[in-house]
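# Observations on chain architecture
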Amino acid sequence: MLFLAGVVATLLVQQPHYQGRSLDSWLQQADKPLMETQQIAEAQLAIRAIGAKKALSHLLKLVKSRDSRLKTWLAEKTERFENRFFHWQSAGQLQLFGIAGFEALGTNGAPAVAELTQLLDEPEFAFVAARCLEQIGKAAEPALCGCLTNQNWQVRRLAVSALASVTDDVEVYLIRIKDSLEDSESGVRFATVEAIGAQDNAPELAVPLLIQALADSQDSVWGQAANALASFGTNAAGAFTALTNLVEAGRPGHAGPALKALPAIAPIEAIPVLSNAVVRGSPGLLAVALRSLKTIAPEMALEMTVTAMRSNNSQRRLHAIIAAASFDMHAAGLADSLKYAAADSDPEISKRAVMTMRQMLNQQKERSSTSIQIPNEPSHAGKPLGEWLKRKKEGGDFSDDAAAALRSMGTNAVPALLARLAYREPVFGLFDSDVSMEAMGGLNLLREDARPALPVLAELMDSKDPQLALFAMVATLGTGADAVPCLMKGLTNRFPEVRSEAVNYLTGEWSVPFPQQRKQALPLVRQLLNDPDENVRFMASNGLKEITGH
């Protein structure tokens, strides 16, 4: 360890220092991505204060770091002995420190261009050298041009974007990188398309190159070209024919991005192409075509969406439902069509329709804070019941003032709480779980004052909606022993989630104060050991063990 300490001391003495800290110390601070911006800026200022003259030789040594056997041995030794004074870094980490140093020095790192350029010919150092050249800027322009044909494809990809900041003329820049559209690596081609697409101030130069990229064999590359063309808007109208040809070819991977781009570049001309894709295209393209059509002809798109949702082809119905999610829930005919689809004999379509309706409702809730109004709802301190139900603590329980308000309303709140528990929103007629959960919590808070609600809650447990049936049963719990008949009824409910929760309450901690009622439930719980639902069987088995010990 004395030998190691001597080596460390020698290395630290050789480094330039600033404010009592070595260059390596500042580089480590500058390189940490999770470091606060202020600390990174402080480190970069320190590196600039040390200056290029003193720092460059050390930075170049870091860039050329290799993991030798000695360094590996030293790293193992320092880790084994938990050396507190120095931690030997891998070559990769030291190279990152070097890059951080060049980033801090910026154009002041220009004297290192020649040596970094030589490193581009060494596979081991080519990428890190290119990263450093990128930080230097204009002085590295010739070297970065050379990087476009480097053997390392990652160097070529980096050069495409790096040259953008050092090339003054956009035409020169595009001439330099256009050959990269033919690169053997798709990652380089993708970066090139992305860079060309960013030249929105020169559509006359960029658009022809992007049209060329539409013929790329890689979907991600030509898809990016289609997206880039869309960003040029009507300035990319020259791409209309090429994009239309891709749509007509019918391949979903190609036609999809083309359908999205067409409305942006030629809105009027795109309408017949998109409507034709809806009527004659594959089901997989239908949703994309409808959403694109909506951006330029919303009424036509809505009519075609509603029509497709009643198609004889199940896949067309499914994709039309997917497209419907982009419309406003109040759009003419949409709600009726979605409700019709929710009753479809195909379970996938029915499920998707319900999901779409709930998605629309959630979006509506996010946009609007309109509260649910229940007729004849009681108030307390000038605020209606619905407003008190919204007042919650961080954990989800009612706030103290809300709890006091509900208890003050007492039995007067029961009719409104029952109405809220079974509330269905008016557009789709769907059960609203958020409103129902608030009512469930309110009924449980009322405890014995909620007893008048028990007959209605027992009826609601027969609902065709599993959530409402479950919430109705759970809403009885605040009444204590009076809730047991509803829980017993829950043991034979049609929905497995209701049966399993009934078992949970009748055999768990909730039922401990009611030993006689718990005993009465045991025969029914034993029957559930043969329930068709695995979770119900599991709950019944665990519940019986909890009570009987076996």
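The paragraphs below set out a description of the structure included in this document. (Residues numbered from 1 in each chain as written. Predicted model: local features only at pLDDT ≥ 70, side-chain atom pairs only at ≥ 80, totals over all residues. Heavy atoms only, no water.)

### Examining unusual backbone geometry
A positive phi is found at Asn-376, a non-glycine position, where the angle reads about 60°. Within the fold, Asn-376 resides in the loop between α22 (347-367) and β3 (379-380). Of the residues examined, Asn-376 reaches a relative accessible area of 80% and is grouped as exposed. (Helix = DSSP H or I, 4+ residues; strand = E, 2+ residues; numbered from the N terminus. Buried < 20%, exposed > 50% of the residue type's maximum accessible area, 1.4 Å probe, protein only.)

### Re the pattern of salt bridges
According to the stated counting rule, one finds 20 salt bridges in the structure shown. Note that Lys-138 and Glu-141 form a salt bridge whose closest N and O atoms lie 2.8 Å from each other. For Lys-138, a relative accessible area of 42% corresponds to the partly exposed category. Here Glu-141 falls in the buried class, since its relative accessible area comes to 12%. Between Arg-391 and Asp-401 there is a salt bridge; the shortest N-O distance is 2.9 Å. Pair noted here: Arg-391 is in the loop between α23 (385-389) and α24 (400-409) and Asp-401 is in helix α24, with a separation of 10 residues, a long-range link. Given a relative accessible area of 35%, Asp-401 falls into the partly exposed group. What you see here is one network of salt bridges that share partners, running through Lys-138, Glu-141, Asp-168 and Arg-176. (Salt bridge = Lys/Arg side-chain N within 4 Å of Asp/Glu carboxyl O.)

### Digging into the environment of Leu-144
In this structure, Leu-144 sits in helix α9 (residues 141-147). Residues in contact with Leu-144, not counting those within four places in the same chain, are Ala-130, Leu-133, Glu-134, Ala-159, Ala-162, Leu-163 and Val-166. (Contact = heavy atoms within 4.5 Å.)

### Here we look at the packing of helix α10 (residues 153-162) against helix α12 (residues 186-197)
Running from N to C, α10 and α12 cross one another at 0°; their axes reach a closest spacing of 9 Å. Here α12 runs roughly parallel to α10, going by the angle between their axes. The segment α10 lies against α12, with Trp-153, Arg-156, Arg-157 and Val-160 engaging Gly-187, Val-188, Ala-191, Thr-192 and Ala-195. Broken down by class, the residue content of the contact of α10 with α12 amounts to five nonpolar, two polar and two charged. (Axes fitted to C-alpha atoms, helices over the stretch in contact; angles between N-to-C directions. Parallel < 35°, antiparallel > 145°, perpendicular 65-115°, else oblique. Nonpolar A, V, L, I, M, F, W, Y, C, P; charged D, E, K, R; others polar.)

### What to know about the packing of aromatic side chains
Following the criterion strictly, the structure yields three aromatic pairs and no others. Ring geometry for Phe-431 and Phe-471: centres 6.0 Å apart, planes at 55°, overall tilted. In this pair, Phe-431 is assigned in the loop between α25 (414-421) and α26 (433-446) and Phe-471 in helix α28 (residues 466-474), connecting sequence segments 40 residues apart. Ring geometry for Trp-510 versus Phe-514: centroids 5.1 Å apart, planes at 55°, classification tilted. Its guanidinium or amino end placed over the ring of Trp-26, Arg-21 lies 3.7 Å from that ring's centre, counting from NZ or CZ. (Phe/Tyr/Trp six-rings, centres within 6.5 Å; stacked < 30°, edge-to-face > 60°. Lys NZ or Arg CZ within 6 Å of the ring centre and 35° of its normal.)

### Describing the nonpolar core
The biggest cluster of nonpolar side chains holds 119 residues, and the ones touching the most others in it are Phe-102, Leu-116, Leu-133, Leu-243, Leu-334, Leu-338 and Phe-428. Once you skip the residues sitting within four places of it in the chain, Leu-334 turns out to touch Leu-302, Val-306, Met-309, Ala-324, Phe-327, Asp-328 and Met-360. Formed by 58 residues, the second largest nonpolar core is a distinct cluster that contains Tyr-423, Leu-460, Val-474 and Ala-502. (Core = buried A, V, L, I, M, F, W, Y, C linked by side-chain atoms within 4.5 Å.)

### Focus: helix α13 (residues 203-213)
The set of residues buried in α13 consists of Pro-203, Ala-206, Val-207, Leu-209, Leu-210 and Ala-213. In this structure, the buried residues of α13 make contact with α11 (170-177), α12 and α14 (219-231).

### Thoughts on the packing of α11 against α13
Look at α11 against α13: their axes get within 10 Å of each other, and the N-to-C directions meet at 15°. The angle between α11 and α13 falls in the class roughly parallel. The hand of the α11/α13 crossing is left-handed. Residues Val-170, Glu-171 and Leu-174 of α11 lie in contact with α13, whose contacting residues are Leu-205, Ala-206 and Leu-209. Split by residue class, the contact of α11 with α13 holds five nonpolar, no polar and one charged. (Left-handed = near helix turned anticlockwise from the far one by under 90°.)

### Let's talk about α11
Buried residues of α11: Tyr-173, Leu-174 and Ile-177, and no others. For α11, the angular spread of the buried residues around the axis is 95°, confining them to a single face. In this fold, the buried residues of α11 make contact with α10, α12 and α13. N-cap assignment for α11: the residue whose side-chain oxygen lies 2.7 Å from the backbone N of Glu-171 is Asp-169. (Arc of directions from axis to C-beta. Polar contact = N/O pair within 3.5 Å; in protein donor to acceptor, adjacent residues only side chain to side chain.)

Purely spatial values, then, with no claim about function.
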